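Residue-level structural notes
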Amino acid sequence: MSGRVRWTLFDVASVQERIAAWLIDTGIFWALWAGGTVWLVETGELGTPPRLTAPRALVWLLIICALECAYDGACVHLWGSSVGRRIAGIEVRAASGALPDRGRAVLRAVVRLPSVLLLGAGLLTMGSDQQRRALHDRLADTVVVRSGAVERVGDDADGGLLTVETVADIDV
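This one's a predicted model, so the numbers in the text were calculated from it and none came from an experiment. All chains use their own residue numbering, which begins from 1 and follows the written sequence. Per-residue local features are limited, in this predicted model, to residues with pLDDT of at least 70; the limit for side-chain atom pairs, both in listing and counting, is 80 or more; totals at the level of whole chains, interfaces and linings are taken over all residues. Side-chain numbers come from the whole structure's heavy atoms, not from hydrogens or water.

Notes on the overall build of the protein chain
Working definition: helices are DSSP H or I runs of at least four residues, strands are E runs of at least two. Numbering for both runs from the N terminus. Within the protein chain, the secondary structure is distributed over five helices and four strands. Along the protein chain, helices (α) and strands (β) appear in the sequence α-α-α-β-α-α-β-β-β when read from the amino end. Here, two residues are considered to be in contact whenever any of their heavy atoms come within 4.5 Å of each other. Contacts in the protein chain between residues far apart in sequence, at least 24 positions, make up 66% of those at least 6 positions apart. For accessible areas, the Shrake-Rupley method is used with a probe of radius 1.4 Å. Any residue's cover is judged against the shown protein chains and nothing else. Summed over its atoms, the accessible surface of the protein chain is roughly 9500 Å², and 66% of this surface lies on carbon and sulfur atoms.

Digging into the confidence of the model for the protein chain
Per-residue confidence from the predictor is reported as pLDDT, a score between 0 and 100. Of the residues in the protein chain, 84% reach a pLDDT of 70 or more, and the chain-wide mean stands at 83. The element-level mean pLDDT for the protein chain is lowest in strand β4 (residues 161–163), coming to 44, with helix α3 (residues 83–88) highest at 95. For residues 153–172, every residue scores under 50 in pLDDT, and the model assigns this stretch 37 contacts once sequence neighbours within four places are set aside.

Re the packing of helix α2 (residues 55–78) against helix α4 (residues 102–117)
Each pair of packed helices can be described by the angle between their axes along with the distance between the axes. Structural elements are reduced to axes, namely lines fitted to C-alpha atoms, with helices fitted over the stretch in contact, and the angle between N-to-C directions of any two is expressed from 0 to 180 degrees. Interhelical geometry of α2 versus α4 gives an angle of 140° and a closest axis separation of 8 Å. Remark: the crossing between α2 and α4 carries right-handed chirality. Contacts from C65, E68, C69, D72, G73, V76 and H77 in α2 reach R102, A105, R108, A109, V110, R112 and L113 in α4. Residues were grouped as follows: Ala, Val, Leu, Ile, Met, Phe, Trp, Tyr, Cys and Pro as nonpolar; Asp, Glu, Lys and Arg as charged; and all remaining residues, including Gly, as polar. Broken down by class, the residue content of the contact of α2 with α4 amounts to seven nonpolar, two polar and five charged. The crossing is said to be left-handed when, going from far helix to near helix, the turn is anticlockwise and less than a right angle, and right-handed when the turn is clockwise.

A few points about the packing of aromatic side chains
Ring pairs are drawn from Phe, Tyr and Trp, using the six-membered ring of Trp, whenever the two centres fall within 6.5 Å, and their geometry is named by plane angle: stacked under 30 degrees, edge-to-face over 60, tilted for the rest. Applying the stated criterion across every chain yields a total of two aromatic pairs. Summarising the aromatic geometry, the rings of F29 and Y71 are spaced 5.2 Å apart at their centres and angled 55° between planes, so their arrangement reads as tilted. Residue F29 is found in helix α1 (residues 15–42), and its partner Y71 is found in helix α2; the two are separated by 42 residues along the sequence. Of the two residues, F29 and Y71, both sit in the buried class. With 5.2 Å between their ring centres and 85° between their planes, W30 and W33 make a pair best called edge-to-face. Note that W30 and W33 are positioned in helix α1 at a spacing of three residues, about one turn of the helix. For every residue, the accessible area obtained with a 1.4 Å probe (protein chains only) is divided by the maximum for its type, and the residue is called buried under 20%, exposed over 50%, and partly exposed between those limits.

Observations regarding the pairing of strand β1 (residues 90–94)
Counting buried residues along β1, five of its five residues qualify, which places the element largely inside the surrounding structure. The side-chain alternation of β1 yields two buried faces, one formed by I90, V92 and A94 and the other by E91 and R93. Across five bridges, the pairing between β1 and strand β2 (residues 142–146) is antiparallel. The partner of A94 across the bridge, within β2, is T142. For two strands to be treated as a pair, DSSP must find no fewer than two bridges joining them.

Considering the packing of α1 against α2
Their axes nearest at 10 Å, the elements α1 and α2 cross at an angle of 155°. The angle between the axes of α1 and α2 places the two elements in the roughly antiparallel class. You can see that α1 and α2 cross each other, and the crossing is right-handed. Counted together, D25, F29, W30, L32, W33, G36, T37 and L40 of α1 and R56, A57, W60, L61, I64, L67, E68 and Y71 of α2 form the full contact between these two elements. Orientation categories follow fixed angle ranges, with anything under 35 degrees roughly parallel, anything over 145 roughly antiparallel, 65 to 115 roughly perpendicular, and all other angles oblique.

Topic: α4
If you check α4, its first and last C-alpha atoms are 23 Å apart, about what 16 residues at 1.5 Å a residue would give, namely 22 Å. A residue's bend is given by the angle between axes fitted to the 7 residues ending at it and the 7 residues starting at it. Of all bends in α4, the biggest is about 25°, found at V111, and the proline P114 comes one to four residues later. Within α4 the residues assigned to the buried category are A105, R108, A109, V111, R112, S115 and V116. Those residues of α4 that are buried are in contact with α1, α2, α3, β1, α5 (135–140) and β2. With its phi angle positive at about 55°, L119 sits one or two positions after the end of α4. What a helix is expected to span follows from its residue count: subtract one and scale by 1.5 Å.

Brief notes about a nonpolar patch on the surface
A cluster of nonpolar side chains, L32, V59, I63 and L67, forms an exposed patch at the surface whose accessible area comes to about 310 Å². The element that contributes the greatest number of residues to the nonpolar patch is α2, accounting for three residues. Relative to the assigned elements, V59 resides in helix α2. The exposure class assigned to V59 is partly exposed, which follows from its relative accessible area of 45%. For patches, a residue must show more than 30% relative accessible area and have no salt bridge; joins then use 9 Å for like charges and 5 Å for nonpolar side chains, namely Val, Leu, Ile, Met, Phe, Trp and Tyr. Any carboxyl oxygen of Asp or Glu within 4 Å of a side-chain nitrogen of Lys or Arg constitutes a salt bridge here.

Here it is, written out as structure tokens:
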């Protein structure tokens with residue numbers, strides 16, 4: 001699949017769908033972080049009284065952030081969606097309409113974390129972009145679309161994924 005796909009406004013995922021997917025995926029990792037932190041407190045690894053600023057707590061937080069980036073990058077590269085995106089019915093696609101390659105998926109995942117955590121500064125571009133792309137989407141040249149915008153067909157040379165190419169402008 002070469003070139004770029006022009007997605008219609010109805011193909012592009014809404015801000016609410018993206019937030020719901022992010023909350024689900026983030027909830028999984030915050031639960032993992034909380035469970036590990038409780039274990040560190042129970043074993044006395046965080047000192048007496050426990051300090052969440054102890055070096056081991058900060059290392060544990062960095063491990064969780066790295067796992068989240070690896071999870072998101074792998075899911076986007078392999079399937080186009082994570083658990084949260086699958087539940088929300090959205091997928092990440094490259095500008096060509098194909099699944100993002102490994103480099104784009106990893107770049108998107110790494111930039112997404114500070115983009116969201118810095119008071120959502122990287123998300124401000126979603127309001128000014130017709131395809132509702134956040135900073136991490138622009139840098140990785142990806143777009144988040146509704147799953148219905150991607151047709152699944154039988155096995156063929158392109159892996160069974162075709163996009164619905166539209167000729168309508170996305171201007172509203």
